[in-house]
Amino acid sequence: MINKKSNPDKNKQYYIGLMSGTSADGIDLALVSFDENKKLNHHASYYQAYCNDTADKITALYTPDNSPPQSSEIDRAFALDVELAQLFAKAITTFLSQEQLSSNDIIAIGSHGQTIRHRPLAKYPFTLQIGCCQTLATLTDIRVIGQFRRKDMALGGQGAPLVPAFHQTIFSETSLENGCDVFVVNIGGISNLTFLPANERMKVIGYDTGTGNALMDDWFQLHNPNSSSKYDKNGSWAASGTINDDLLKQLLSDDYFQLVPPKSTGREYFHLPWLERQLSKVSPVTNQDVQATLTAFTAITIVNAIKQHSSNRKNITKVYLCGGGVHNKSLKVQLNQQLQSSPKNYDLLLTNQKDIDSDQLEAIAFAWLAFAYDKKFLSSMPAVTGASKSCTLGNDFFP
Ligand SMILES: Nc1ncnc2c1ncn2[C@@H]1O[C@H](COP(=O)(O)OP(=O)(O)O)[C@@H](O)[C@H]1O
Ligand SMILES: [Mg+2]
C-alpha cells in the first residue's frame, strides 16, 4: 500500500523515518524535511506490510521460549535482525525510486527497529530492537541513526516512550492565560499517552497506558483463523458482542494500572497467556464478548489515565489520537463514551487536525529524532522515562 502526499523537491535534503511497531503489521516510512526555523514538512509516505511468515517470526520472539538449542532464540533473533534490515532496505529503495530520489538526497534514516523484548524493570534492564542498523546503512548507502532507546536506559530510564518530546514540539498549547491541556494518545500494539499541560511550569508526562491493538489482534486471530484480515476490521466483531462486567473488572484489577509513571510495558506482559489467566478467574465468556470487553478495557485504561492528569482548567482539553487503533470504530465509540461521562470538556481529535497523518506520526517522529541527533538537541525526557539526566538519543551507523 502506498500513500503519496506531494512531490518531493529534488533540491531539498530529507530525512527518512522508519518505524515498525509492536503490532508487527509492517514497515512505515516517512519522508521529512526541516526548514531553517526547524519547521517540519512531511512530503511522502510508504507502507510495506509484513508477510505472514515474517510477522510470525517476530511475534514468536516476543515471549521467551524453552525450545531445543538448534532452534534457539538467539539464533532466530539475530538471523531476523539481518532479515528485517534487508526488508527495511528494500522498502527504502522502492520508496526512493517511487519518489524519483536517490540515496544522495537523504541526509539520514532515523530507524526505530522492531522491538522484540523490553525489560525496563529487570535487575539488568534492557530493551532489544532488531533490524541491524549497520546492514541497513550499508545496503542503502545512507547514514542510519538508530538505537534510540539505549542511552536513556543507560541513564537509568525506561527507554520509553520516546515520542513525547516530538509531541511537545508539535501539539503543545502552553499559555498561562488561555492555553489548553493537550493529550496525544497513540494506539499501536500497546497504547501510550503524552500529557502536555497548558501551564508550562507543570511537567510533561508520558507513559504506556496498557494494551492497544496487539491483544485484540491476538484474540481475533485465535478465533478467526480463516479470516483474510489479521485484525478485527473496524471493530465489527467486538460490536457483535457485549461487554462482560466481571471480566472487565478482572482485567482492570491488574497491578500495572496501579503503578505510578514512569512505566512502560509490552507484548511480553499483555499477551494471550495473561488473558487466559484472567479468563480462568471469571465465569465462561463467549469469544465475541471477550473481544467487546477487551475493546472497552483498552478504552477505559486510556481514559482513566487521561482523567488522572487533567489540571483544573475550565478550557476544553484536547485529546489527539493516532496509531492504527483510530480505525477501530468500536474502540472510538468506547473512548468517546468514556470521555463524555466525565464532567470535564474533552475534544476528541485526530493528529491529522494538526497536519500529522495519524498513521504516520511515529515514522515522522523517528525522522525528527534523527534530525534532533544531528542538531545535538536534548531529545530525551527524563521526567517521562525516569532517567537521571537528559541526553541526545541515538547512534550513527555509516554505510
Ligand atoms: N480498519 C481497522 N480496523 C480495526 N483495527 C485496525 C484497522 N486498521 C488498523 N488497525 C489496527 O492497527 C494495528 C496497527 O497499528 P499501528 O499503529 O501500525 O501499530 P504499531 O505501531 O504497533 O505497528 C493493526 O494491527 C490493527 O489492530
Ligand atoms: Mg505498525
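Residues numbered from 1 in each chain as written. Chains lettered and ligands numbered in written order. Predicted model: local features only at pLDDT ≥ 70, side-chain atom pairs only at ≥ 80, totals over all residues.

Things to note about the sheet that holds strand 13 (residues 395–397)
How we decide: Paired strands are those between which DSSP finds at least two bridges. Segments assigned H or I by DSSP are reported as helices when at least four residues long, segments assigned E as strands when at least two residues long, and all are numbered from the N terminus. Angles shown run from 0 to 180 degrees and are taken between the N-to-C directions of axes, each axis being a line fitted to C-alpha atoms and, for helices, limited to the stretch in contact. Two residues qualify as a contact pair if the distance between their C-beta atoms, derived from the backbone, is within 7 Å.
Strand order in the open sheet formed by six strands is 3-2-1-4-7-13, with mixed pairing between adjacent strands. Among the strands making up the open sheet, the edge pair consists of strand 3 (40–49) and strand 13. Along the sheet, successive strands turn relative to each other by an average axial angle of 25 degrees, direction set aside. Packing against the sheet, helix 12 (residues 361–374) makes contact with strand 1 (14–19), strand 2 (26–34), strand 3, strand 4 (106–111) and strand 7 (144–146), and its axis sits at approximately 130 degrees to strand 1.

Observations regarding the environment of Tyr269
Following the sequence through the fold, Tyr269 ends up in the loop between helix 8 (245–252) and helix 9 (272–279). Distance in space between the C-alpha atoms of Tyr269 and Gly210 is 9.6 Å, their sequence separation being 59 residues.

Description of the nonpolar core
Put simply, the rule is: By convention in this section, buried Ala, Val, Leu, Ile, Met, Phe, Trp, Tyr and Cys residues joined through C-beta atoms within 7 Å make up a nonpolar core. Whether a residue is buried, exposed or partly exposed follows from its count of other C-beta atoms within 10 Å of its own C-beta, namely 20 or more, 12 or fewer, or something in between, respectively; the C-beta atoms are built from the backbone. Reported domain spans reflect what an automatic or database domain assignment gives.
Ranked by internal contacts, the top residues of the largest apolar core, which has 105 residues, are Ile16, Leu29, Phe88, Ala367, Leu369 and Ala370. When residues of this core are assigned to their parent elements, the largest contribution, twelve residues, is made by helix 12. Here this core gathers at least three residues from each of two domains, domain 1 (14–160 + 363–397) and domain 2 (164–354).

Some thoughts on helix 12
Just so we agree on the cut-off: A helix is expected to span 1.5 Å multiplied by its residue count minus one.
With 14 residues, helix 12 should cover 20 Å at 1.5 Å per step; its first-to-last C-alpha distance of 20 Å lies within 8% of that length. In terms of burial, helix 12 is largely enclosed, as 13 of its 14 residues are buried. Positive backbone phi, at 60 degrees, marks Lys376, one or two positions downstream of helix 12.

Observations regarding the site of ligand 1
Under the convention used in this document: Proximity of a residue to a molecule or strand is defined by its backbone-placed C-beta atom lying within 6 Å of that partner. Just so you know the grouping, Ala, Val, Leu, Ile, Met, Phe, Trp, Tyr, Cys and Pro go in nonpolar, Asp, Glu, Lys and Arg go in charged, and all remaining residues, Gly too, go in polar.
Close contacts around ligand 1 come from 19 residues, with Gly21, Gly188, Asn213, Gly324 and His327 the closest. The residue makeup of the shell around ligand 1, split by class, is one nonpolar, 13 polar and five charged. Counting contributing residues, the shell around ligand 1 receives three or more from each of domain 1 (14–160 + 363–397) and domain 2 (164–354).

Details of unusual backbone geometry
With omega at -15 degrees, the peptide bond leading from Ala160 into Pro161 counts as cis. In this fold, Pro161 is placed in the loop between helix 4 (150–154) and helix 5 (164–171). In this structure, the amide linkage connecting Pro261 to the following residue, Pro262, adopts the cis form with an omega of 5 degrees. Tracing the sequence through the fold places Pro262 in the loop between helix 8 and helix 9. Although it is not a glycine, Gln100 adopts a positive phi angle of roughly 55 degrees. Looking at the secondary structure, you find Gln100 in the loop between helix 2 (73–98) and strand 4.

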